[in-house]
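Coordinate analysis (summary)
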Amino acid sequence: MAARLLANLIVMGSGIMARAFVQAYRQALANASKNGVAQEAANNIRRGSKMMTEAEARQILGVTEHSSWEEILKRYNNLFEQNAKNGSFYLQSKVHRAKECLETFHPTQVQGTN
């Protein structure tokens, strides 16, 4: 009899806890979306993990801070083609990401050439 009563208490208690947990989770999601916290966190993760720095991009392409956009494109095309021939997709993608990163620092010059 005591074991049966104890089992009922455990089942009822776990059901109540599960419902409370689900309700608290829904409330937390509603609060996060209301404040824009979820979107901001996703943007921070995206920025932190995928964005290449300007210095890293310049190092990959082998250009200086004073290099013209035409020189950057020349280095990009040369390195991209070399890696296409040798079959190094990883290096080819790094070269491409470096050019994309530097495009953000040369917005006026990018519009005319590509």
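Note that the structure is a prediction, hence the values are computed from the model and not measured.

Conventions adopted
Residues numbered from 1 in each chain as written. Predicted model: local features only at pLDDT ≥ 70, side-chain atom pairs only at ≥ 80, totals over all residues. Heavy atoms only, no water. Core = buried A, V, L, I, M, F, W, Y, C linked by side-chain atoms within 4.5 Å. Buried < 20%, exposed > 50% of the residue type's maximum accessible area, 1.4 Å probe, protein only. Helix = DSSP H or I, 4+ residues; strand = E, 2+ residues; numbered from the N terminus. Contact = heavy atoms within 4.5 Å. Salt bridge = Lys/Arg side-chain N within 4 Å of Asp/Glu carboxyl O.

Let's talk about the nonpolar core
By size, the foremost hydrophobic cluster in this structure holds 13 residues, and its most contacted members are Ala57, Leu61, Ile72 and Leu102. Mapped onto this core, the elements with two or more residues apiece are helix H3 (54-61), helix H4 (69-86) and helix H5 (89-105). For this core, the element with the most residues is H4, which contributes 5 residues. Once residues lying within four places of it in the same chain are set aside, the contact partners of alanine 57 are Met52, Ala98, Cys101 and Leu102.

Thoughts on the pattern of salt bridges
Going through the model one piece at a time under the given rule, you end up with 4 salt bridges. A salt bridge links glutamate 56 to lysine 94, with the shortest nitrogen-to-oxygen separation between them at 3.8 Å. Here glutamate 56 is found in helix H3, whereas its partner lysine 94 is found in helix H5, with 38 residues between them in sequence. Here lysine 94 falls in the partly exposed class, since its relative accessible area comes to 26%.

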